[in-house]
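# Structural overview
Given next are the chains, with one letter for each unit.
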Amino acid sequence: ADVISTVEFNQTGDLLATGDKGGRVVIFQRETEEAGEVGDSGEYNVYSTFQSHEPDFDYLKSLEIEEKINKIRWLPQQNAAHFLLSTNDKTVKLWKVSERDKRPEGYNLKDEEGRIKDVSTITSLRVPVLKPTDLMVEVRPRRVFANGHTYHINSISVNSDGETYLSADDLRINMWHLDITDRSFNIVDIKPANMEDLTEVITAAEFHPHHCHLFVYSSSKGTLRLCDMRASALCDRHTKLFEEPEDPGSRSFFSEIISSVSDVKFSHSGRYLLTRDYLTAKVWDLNMDKGPVETYQVHEYLRSKLCSLYENDCIFDKFECVWNSSDSVIMTGAYNSFFRMFDRETGRGVTLEAWRENSKPRAVLRTRRVYTGGKRRRGDVGVDSLDFTKKILHMAWHPEENIIAIAATNNLYIFQDRVNPDAQTQ
Amino acid sequence: MECAFDAQNLISISLRKIQSSRTQRGGIKLHKNLLVTYVLRNARQFYMSKNSLQTQRTPPYEDAAAVHRRQEYIELTGSFTELADDFYCNFTGVESDTWHCGAHQSSAQPSELAHQDASACAMASPSDSELMVSEACWSCADKSSWELPILNAQANQKTVLDLDTHVVTTVTNGYFHSDCCAQPKQPQAGAQCYTRKRKMDTSYYIVDPEFYLPDFVPVPCKRMRSEDEEEEDDLQSDSEQLDSANISNLISVLGSGGLSEFVSWQQMDLEQIFGTQTICLKHTLLAGSGWTRAIEAF
């Protein structure tokens, strides 16, 4: 199994898609609940696997194009089939996932194996009929959106209008129509006339969940820009700029790196934004651009280790962040297979671990702690004992229930809150 | 002194990262390289400010002109060119742990700076844009050799390897010349000359993938990119398009020992200062406490 690079639930939560560094997509489906077993949600089993992207080569620039799946986004379901967008660094693809449980039988000219019959043996005509067969999941590429990006694609986001989506690379954001592959509209371009003047890049972008004209993009400088496509065709000038003034007392060699936003997500309500930078997760109110309304320290104990984290490249890790369905809890990943959840009402955070040896199926996750001083409890992990190769970068939260999917290197963990299975009761 | 040591360490690590990013699968990561250059800038600023404080305490016999030059460090604005420029400059000897880099010309500093040799570069006035200077140097580099200073134990003496002709020469007094340019100036007697600052356009390796594929001119309406348009633009020239010969020269500088020489100089200097393996980041702006190499165990 390859390293998982993206995880995404569909809109109902019945399907969970993962993409990996090898360009493969694995789709899990939730088993239907048995009648009468209230509260015992079904498990997720493999539904389909397919190769989405292959390694590619740009001959003009002599550059290898990685097949790693950067993002997967599901389209809202409109019929029996499911559609998802998957992207690597350069190309976005639309895949149709459909089921087939019947097959036609009784062809006149072909036998059951598909071989052409000898015409002389045909004595009568019959009408082929559909007979039930074993369930087959077919995945077919329906669209390939290529040649839209010069730089590396970091985000895709489906618009609430159901017809368009955006793709963002380091310097540009393009808007596509799902049915049109040979054209895209460029809606943001921050490439300077002289590349020597480059000071920031786009790190993530997302459409507003309800307003099809609004989208947000984050930058490596830690700023968020809300753009309204009604204002102008080219949204280089933001409608709103969200920025927190830097604390001069905390300035270091690595200030720019740790302030770079690695992920941005709208809340389900559309009122808030959740961002993740290297050490913190922040909640912003769309109505207030002076600074975040909430800041959560994910692993502040790493602030004094930034030099070594720079040396081993960990400081460049891009952590994702997610909301729960009621927007009352946010979650993000850390090192040592730890991930953190923060309750927005109380402000309290909890650290959990996604590690196979420590958790059997159906076992309750126990909270973990990183020892940073004071009284040391049993089970606490010292900062110097943290395993920085075990990083939780990608995760997803079920759109309606308290089910989370955590990608830990090449393992996928799915956890359920059995005490409060529905988010509403939390 | 410890903080300057850390800044040096960061500088060498950063340069190594930039170097290795060029051979990474998937192409150069623009975001990561941008962040690395910010670290470079910060480390350099700190290092320079530390050195300028030290030079204020230098003994009186030191050449006043050299001291004055060391103090003329220009603040970086964060542009790639400036950063790469400064870190591929010459250095003039073991005894000095300061960087006699040709600092960037600022508009306030007219003539007494590093562009002394290559006439094309030297004639670029301070008011010229950096791009112009860059172009001047590039036309120079078109015919020139890339010369790498190889550290020589003797003070004020360097062994220079010409990458094009593979001729090894020894220069003294920090004089460092490019054989392409017309009238190299003679070094002033008795003075440490700042040699020509080799201006490199780091957009080579930081990136502009688009120098092959020119960008669209921004228009005040939603731009539609069609495949037809892209084919047309392939044939147009781009302002950022550069001579491939220059690119190969730069690659040879980075690949054939330029960077490693630089890094090995760093190591030698650092080992002379610190005999231990412990690195302590006691930056005055940081509140963190010291940490040891044990963290490498991860």
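Starting afresh in each chain, residues are numbered from 1 along the sequence in its written order. The order in which chains are written sets their letters, starting at A; the order in which ligands are written sets their numbers, starting at 1. Where totals are concerned, whole chains, interfaces and linings use all residues; where local detail is concerned, this predicted model gives features only for residues with pLDDT of at least 70, and gives and counts side-chain atom pairs only at 80 or more. Side-chain measures were taken over the full set of non-hydrogen atoms in the model, leaving aside hydrogen atoms and water.

In the annotation of an unreviewed UniProt entry, the entry for chain B reads Immediate early response 5 like, and the organism field reads Poecilia latipinna. What UniProt states about chain B under its Sequence similarities (unreviewed entry) heading is, verbatim, "Belongs to the IER family." UniProt positions are given in the numbering used here, feature names are shortened, and annotations may be inferred rather than shown by experiment.

Chain A is annotated in an unreviewed UniProt entry as Serine/threonine-protein phosphatase 2A 55 kDa regulatory subunit B from Poecilia latipinna. For the record of chain A, the UniProt heading Subunit (unreviewed entry) holds the text "PP2A consists of a common heterodimeric core enzyme, composed of a 36 kDa catalytic subunit (subunit C) and a 65 kDa constant regulatory subunit (PR65 or subunit A), that associates with a variety of regulatory subunits."

## Quick look at the overall build of chain A
When helices and strands are tallied, chain A shows two helices and 31 strands. To sort residues, take the accessible area from a 1.4 Å probe on protein chains only and compare it with the maximum for the residue type: under 20% means buried, over 50% means exposed, and anything in between is partly exposed. A total of 426 residues make up chain A; the buried ones form 54% of that total. Working rule for contacts: check all heavy atoms of both residues, and any pair within 4.5 Å makes them a contact. For chain A, the share of sequence-separated contacts (at least 6 apart) that also reach a separation of at least 24 residues comes to 50%. Computed with the Shrake-Rupley method and a 1.4 Å probe, the accessible areas treat only the protein chains shown as cover for residues. Of the accessible surface of chain A, which amounts to about 19,500 Å², a share of 48% is contributed by carbon and sulfur atoms. Elements are defined by DSSP. Helices are runs of H or I of four residues or more, strands are runs of E of two residues or more, and each kind is numbered from the N terminus.

## Brief notes about the environment of A43(B)
Positionally, A43(B) belongs in helix 2 (residues 30-55). For A43(B) and S14(B), which are 29 residues apart along the polypeptide, the C-alpha to C-alpha distance reads 9.7 Å. In this structure A43(B) touches F253(A), A7(B), L10(B) and I11(B), once residues within four positions along its chain are discounted.

## Overview of the sheet that holds strand 18 (residues 240-242) of chain A
Residue and element names in this part refer to chain A. By this definition, two strands are paired if DSSP reports at least two bridges between them. If you trace the four strands from one edge of the open sheet to the other, you get 15-16-17-18, paired in antiparallel fashion. Among the strands making up the open sheet, the edge pair consists of strand 15 (202-207) and strand 18. Ignoring which end each strand starts from, the neighbouring axes of this sheet average 20° apart. In terms of strand pairing, strand 16 (residues 214-219) meets strand 17 (residues 224-228) through five bridges, oriented antiparallel. Bridged to L214 within strand 17 is D228. To obtain an axis, a line is fitted to C-alpha atoms, over the contacting stretch when the element is a helix, and the angle between two such axes runs from 0 to 180 degrees between their N-to-C directions.

## Overview of the side chain of R73(A)
Residues and elements named next belong to chain A. Structurally, the position occupied by R73 is in strand 7 (residues 71-74). Since its relative accessible area comes to 12%, R73 is described here as buried. By the criterion applied in these results, polar contacts are pairs of N or O atoms within 3.5 Å in which, for protein atoms, one can donate a hydrogen and the other can accept it, and in which residues neighboring in sequence qualify only through two side-chain atoms. Within the local environment of R73, its side chain forms a polar contact with the side chain of E8, the two groups lying 3.1 Å apart. Those residues in contact with R73, other than ones at most four positions away along the chain, are E8, L84, L85, I156, V158 and K265.

## Digging into the packing of aromatic side chains
Within 6.5 Å between ring centres, the rings of Phe, Tyr and Trp (the latter by its six-membered ring) count as paired, and their orientation is classed by plane angle as stacked under 30 degrees, edge-to-face over 60, tilted in between. If you walk through the whole model with that rule in mind, you get 19 aromatic pairs over all chains. The interplanar angle of 90° and the centroid separation of 5.8 Å between the aromatic rings of F253(A) and F46(B) together place this pair among those described as edge-to-face. Residue F253(A) is found in the loop between strand 18 and helix 1 (255-259), and its partner F46(B) is found in helix 2; the two belong to separate chains. Neither F253(A) nor F46(B) differs from the other in exposure class; each is buried. A ring pair is formed by F339(A) and F415(A), whose centres lie 5.9 Å apart and whose planes are at 20°; its orientation type is stacked. Here F339(A) is found in strand 25 (residues 338-343), whereas its partner F415(A) is found in strand 31 (residues 411-416), with 76 residues between them in sequence. For F415(A), a relative accessible area of 14% corresponds to the buried category. Taken together, the ring pairs connect F253(A), F254(A), Y310(A), F316(A) and F46(B) into an aromatic cluster. Counting as a charge over the ring demands two things of the Lys NZ or Arg CZ atom: a distance within 6 Å of the ring centre and an angle within 35 degrees of the ring normal. Taking NZ or CZ as reference, K110(A) lies 4.8 Å from the ring centre of Y107(A), over its face.

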